[in-house]
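Residue-level structure breakdown
Okay, here's what each chain looks like letter by letter:
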Amino acid sequence: MKFAYRFSGLLGTVYRRGNLSFTRDGSSLVSPVGNRISLFDLKNNKCETLPLATRHNIVCVGLSPDGSLAILVDEEGAALLVSLVGKSVIHQFHFHKPVHSVSFSPDGKKFVITKDNVALMYHAPGKKREFNAFVLDKTYYGPYDETTCIDWTDDSKCFAVGSKDMSTWVFGAERWANLIYYSLGGHKDVIVACFFEENSLDLYTVSQDGALCVWQCDTELDGLKPMPPKEDRKKNRIKEDEEFLEETKGEEIHGKAHPNEQEIREKVKYSRIAKYFFNKEGDFNNLTSAAYHKKTHLLVTGFASGVFHLHELPDFNLIHSLSISDQRIASISINCTGDWIAFGCSGLGQLLVWEWQSESYVLKQQGHFNSMVSLAYSPDGQYIVTGGEDGKVKVWNTSSSFCFVTFTDHTSGVTAVTFTSSGYVILSASLDGTVRAFDLHRYRNFRTFTSPRPSQFSCLAVDSSGEIVSAGSQDSFEIYIWSMQSGRLLDVLAGHEGPISSLSFNPVKCVLASGSWDKTVKLWDMLDSWRTKETLMLNSDVLVVAFRPDGKELAVASLNGQITFWDHENAVQVGSIEGRHDLQMGRKELDKITAKQSAKGKSFTTLCYSADGQSILAGGLSKFVCIYNVKEQILMKKFEISCNLSLDAMEEYLDRRKMTEFGSMALIDEGAGDEDGVAIPLPGVKRGDMSYRRFKPEIRVTCLRFSPTGRSWAATTTEGLLIYSLDSGMIFDPFELDIDVTPSNIRKTLHQKEYAMAIIMALKLNEKKLIQEVIEAVPSDEVEVVCSSLPDLYVEKVLEFLASAFEISCHLEFYLIWAHKLLMLHGQKLKTRSQKLLPVIQFLQKSIQRHFEDVSKLCEWNIYNIKYALAISQQRGMKRLAETAVDEEESESDSDYLMQEGHKDSLSSS
């Protein structure tokens, strides 16, 4: 049970590549993140990554019209049929070739995929009672080059397919007498998108050179005539059904670009009525993506320079034009109401949702541009801070999975981040020679610590009080100590003969441990004017040091793959783990030696104790994360953090199919001259930049941290920030179970009003819903009596239940009474076991703190409204008095004026 951690979320990556799609209600967005998909709930401001993964990066996603199914296709053409309701894989299928796009018909009965130069139409899964979920219906031939995009008519009678051969083909989903296929030209570049007009066969086509063609059809959708049935065809079908000799391959339709006159007669005809250009003269820019909303006639186009245009069709009126970034816009999607537009930039990993009418962002998220290097949990476990090689420090909310603040003050890569014990200050060390402190109240950099001589900082530690900040240098082999209050440099600790690799403060005592490449760990005593208390000698370079949460043990990972445990008070080694074999390295595509040989030089680069200190988490340049039991020194569980073969060093053995007599196929750089980026006009280069290279990122774990609540742990990897948490919903884990403890007996005891006994029995059975039923049946005025009669062993269990119940229950006051009474009555006894209970108490604090923040905001808003209403009501009477006073003054002034005028008149007459 303790190690039943499951993947629960992916933070730090919001979009990689592929197409974005809005769900049916238009309030959620589906975004491919590597080999997984994330659902962004824009109304409730939450993000969820589904617990399923493909073998390679996802290239295209097709959502069914009812929003219950999704088809995910990866780079190699392997497809997963996924239920978005159950969040599970229903079926697997392989198309054997890379797929460019997937689209369901509006009635949900068929779906079309495009691969190579063909379009394949399948029966949609779930609509027919088929054993095989992917049943091929028809194969459409016609384009000479690769097909790129699909669009359906509103009644699912026809669909259009765009191609790289600059042509667009209209095919009938059924064999219509007057429309089997139709080919449209008119463009000078690759077709990026094609769109049907609402309830019509009229068509818009958009090409990469920024041209839009408007095509008018002489026939309405109702004018499509069904093909007359042939007797011969019927007989053939009956024979095939009787024989059952081979699998049905579906019907094949072969289109011709230049059909003869007889085939054209009495058929549907298209004519081009307009052609528009997006690029002004001299401003050439590749069009990379487009989306069209049929009801509002809104066309959104994205370009390679990061600019997007909004046009109203068919008149081609520009509504507005804006720039997102300087990277190409890879995907655009519009929601069902036409209010929100989603943009994905694969170069920056950026995802935006733009409300075009109010010209405001609904969502603006971006991960770290380069890989994440370090992470730290806040003391209550609510927030995670990450530092990346792009010099940014980002803070993420664990409940919503969104980044809510980004600090960009560093000018070079961030090497380490940490929270202070208060939870409102973040510290980050960087290769730019600064350690910066950020305030989470005002979101600003309020302290910058520097060294007398510029040096690159590789590690960082802060003491338990949050007053002393220390950072280790890569080049001068020194440790710098600063005061948080004054920002002054207090001391420079010299003594190491190699770069400082790791620092860690003892959580209980004023002792700093520093590990270095000189094969030593030094312990510095803060109270004894920073003298070296002990020097621990190791056999290999020290990579990372970590103290146990109670401060009584020190773990050290070294270059020879060993993790050693030390009693630092007596400078005695108390245990060691040989972990090199557990890392299980993969072989890179260009490696000359086997994975087994290369693993001999690899080791753990990050360590972290669990919240209770009984186990240790270790990771390195591998796809595996290991959990060891410290006392027994054995491997408890190994987590495979990724199965994405688009990353390098994933497989232990090389794929022989990629080996030729001249070497690996990976040596051939296929990325040269690709049209993905902005074309750089170099002399003699026809397309793209010939110096541009593609590379496969290598799988690695750069940092691991356990949540202070003990319920989850996080890892910064090549894919992003992965969160693994305990999923206790599906596990039967009884506690001191007796034969008499059954749900019926528990309810019987509860009915007899023996509440304490019923709670103990429910905790023994450890069924969450049953515990909830029993606790909620206790009257609020009897909570104190029940709490006082609970044995100490079960108080911890009840507190743990309360912490988890706070997250989902609406009975806030009732559970607060329980928590208050338990802590008041058993506080002294719990204090003696504080180290063991700390994760549970922090979990409880996190849950209450979250509710406190939500409720306090609501209360402040209500108090403000009440004060405003009272002020208005009081002013209403005052205003009337003021108005009457003003009226009286006016009448008096008027009478005075009249008297003066009358006096003047009398004087003039006299």
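1. Observations concerning helix H10 (residues 812-832)
- For H10, built from 21 residues, the straight-helix expectation of 30 Å at 1.5 Å per residue is met to within 8% by its first-to-last C-alpha distance of 28 Å.
- A maximum bend of about 70° is found in H10 at His826.
- Every buried residue of H10 is listed here: Phe814, Tyr815, Trp818, Ala819, Leu822, His826 and Leu830.

2. Comments concerning the packing of aromatic side chains
- Applying the stated criterion across every chain, the model contains 44 aromatic pairs.
- On the basis of an interplanar angle of 35° and a centroid distance of 5.6 Å, the ring pair of Phe449 and Trp482 is categorised as tilted. Linking Phe449 in strand S38 (residues 444-450) with Trp482 in strand S41 (residues 479-483), this pair joins segments that are 33 residues apart in sequence. One exposure class covers both Phe449 and Trp482, and it is buried.
- Where Tyr480 meets Trp482, the ring centres are 6.1 Å apart and the plane angle is 20°; that geometry is what we call stacked.
- Assessed through its relative accessible area of 1%, Trp482 is described here as buried.
- Directly above the aromatic system of Phe7 lies the positively charged group of Arg36, at a separation of 3.9 Å from the ring centroid.
- The aromatic ring of Phe624 is capped on one face by Lys638, whose charged end is 4.8 Å from the ring centroid.

3. With respect to the packing of helix H6 (residues 755-765) against helix H9 (residues 792-808)
- One way to put it is that H6 packs onto H9 with a least axis distance of 11 Å and a crossing angle of 70°. The angle between the axes of H6 and H9 places the two elements in the roughly perpendicular class. Two secondary-structure elements touch here, H6 through Ile759, Ile760, Leu763 and Lys764 and H9 through Tyr794, Lys797 and Val798.

4. Quick look at the packing of helix H5 (residues 743-751) against helix H7 (residues 768-777)
- Following both chains from N to C, one finds H5 and H7 inclined at 5°, their axes separated by 11 Å at the closest point. Between H5 and H7, the angle falls in the class roughly parallel. Contacts between H5 and H7 involve Pro743, Ile746, Arg747 and Leu750 from the former and Leu770, Glu773, Val774 and Ala777 from the latter.
- Of the residues assigned to the contact of H5 with H7, the class counts are 6 nonpolar, no polar and 2 charged.

5. Observations regarding the sheet that holds strand S3 (residues 28-33)
- The strand order across the open sheet formed by 4 strands is S2-S3-S4-S5, and the pairing between neighbours is antiparallel. Looking at the sheet topology across the chains shown, the edges are occupied by strand S2 (21-22) and strand S5 (46-49).
- Across 2 bridges, the pairing between S2 and S3 is antiparallel. Paired with Phe22 across the strands is Leu29, a residue of S3.

6. Structural notes on the environment of Lys164
- Within the fold, Lys164 resides in the loop between strand S15 (158-163) and strand S16 (168-172).
- You can call Lys164 partly exposed: its relative accessible area is 30%.
- For the pair formed by Lys164 and Gln208, sequence separation is 44 residues and the distance between their alpha carbons is 9.7 Å.

7. Examining the sheet that holds S38
- The strand order across the open sheet built from 4 strands is S35-S36-S37-S38, with neighbouring strands paired in antiparallel fashion. Every interior strand has two partners, whereas the edge strands, strand S35 (414-419) and S38, have only one. Going from strand to strand, the sheet's axes swing by 20° on average, the running direction of each strand aside.

8. Quick notes on the nonpolar core
- Within the largest apolar cluster, 40 residues are counted, with the highest numbers of intra-cluster contacts made by Ile759, Ile775, Val798, Leu802, Trp818 and Leu822.
- Of all the secondary structure elements, the ones that give two or more residues to this core are H5, H6, H7, helix H8 (783-789), H9, H10 and helix H11 (834-909).
- Leu802 has contacts with Tyr815, Trp818, Ala819, Leu822 and Leu844, leaving out every residue within four places of it along the chain.

9. Considerations on unusual backbone geometry
- Cis peptide bonds are those with omega within 30 degrees of zero, and the linkage from Leu313 to Pro314 qualifies with 5°.
- As for its position among the elements, Pro314 is in the loop between strand S25 (307-312) and strand S26 (317-323).
- In this structure, Lys753 is a non-glycine residue whose phi angle is positive, near 65°.
- With respect to the secondary-structure elements, Lys753 resides in the loop between H5 and H6.
- On the accessibility criterion, Lys753 (59% relative accessible area) is exposed.

10. A look at the side chain of Lys138
- Positionally, Lys138 belongs in strand S13 (residues 135-141).
- By relative accessible area, which is 5% here, Lys138 ends up buried.

11. As for H9
- With 17 residues, H9 extends 26 Å from end C-alpha to end C-alpha; this agrees with the ideal 24 Å at 1.5 Å per step.
- The complete set of buried residues in H9 reads Tyr794, Val795, Glu796, Val798, Leu799, Phe801, Leu802, Ala803, Ser804, Ala805 and Phe806.

12. Overview of the environment of Leu460
- Mapped onto the elements of the fold, Leu460 is located in strand S39 (residues 457-462).
- Given a relative accessible area of 10%, Leu460 falls into the buried group.
- Discounting chain neighbours no more than four positions away, the residues touching Leu460 are Ala416, Val417, Thr418, Leu427, Ser428, Ala429, Val435, Val469, Ser470, Ala471 and Leu503.

13. Observations concerning the confidence of the model for the protein
- Within the protein, residue pLDDT values average 84, and 87% of them lie at 70 or more.
- Note that pLDDT drops below 50 for residues 231-248; the model gives that stretch 1 contact with residues more than four away or on any other chain.
- The low-confidence segment residues 671-681 (pLDDT under 50) makes 21 contacts with residues lying over four places distant or belonging to another chain.

What counts and how
Residues numbered from 1 in each chain as written. Predicted model: local features only at pLDDT ≥ 70, side-chain atom pairs only at ≥ 80, totals over all residues. Heavy atoms only, no water. Helix = DSSP H or I, 4+ residues; strand = E, 2+ residues; numbered from the N terminus. Expected span 1.5 Å × (residues − 1). Bend = angle between axes of the 7 residues up to and from the residue. Buried < 20%, exposed > 50% of the residue type's maximum accessible area, 1.4 Å probe, protein only. Phe/Tyr/Trp six-rings, centres within 6.5 Å; stacked < 30°, edge-to-face > 60°. Lys NZ or Arg CZ within 6 Å of the ring centre and 35° of its normal. Axes fitted to C-alpha atoms, helices over the stretch in contact; angles between N-to-C directions. Parallel < 35°, antiparallel > 145°, perpendicular 65-115°, else oblique. Contact = heavy atoms within 4.5 Å. Nonpolar A, V, L, I, M, F, W, Y, C, P; charged D, E, K, R; others polar. Pairing = 2+ DSSP bridges. Core = buried A, V, L, I, M, F, W, Y, C linked by side-chain atoms within 4.5 Å. pLDDT = per-residue confidence, 0-100.

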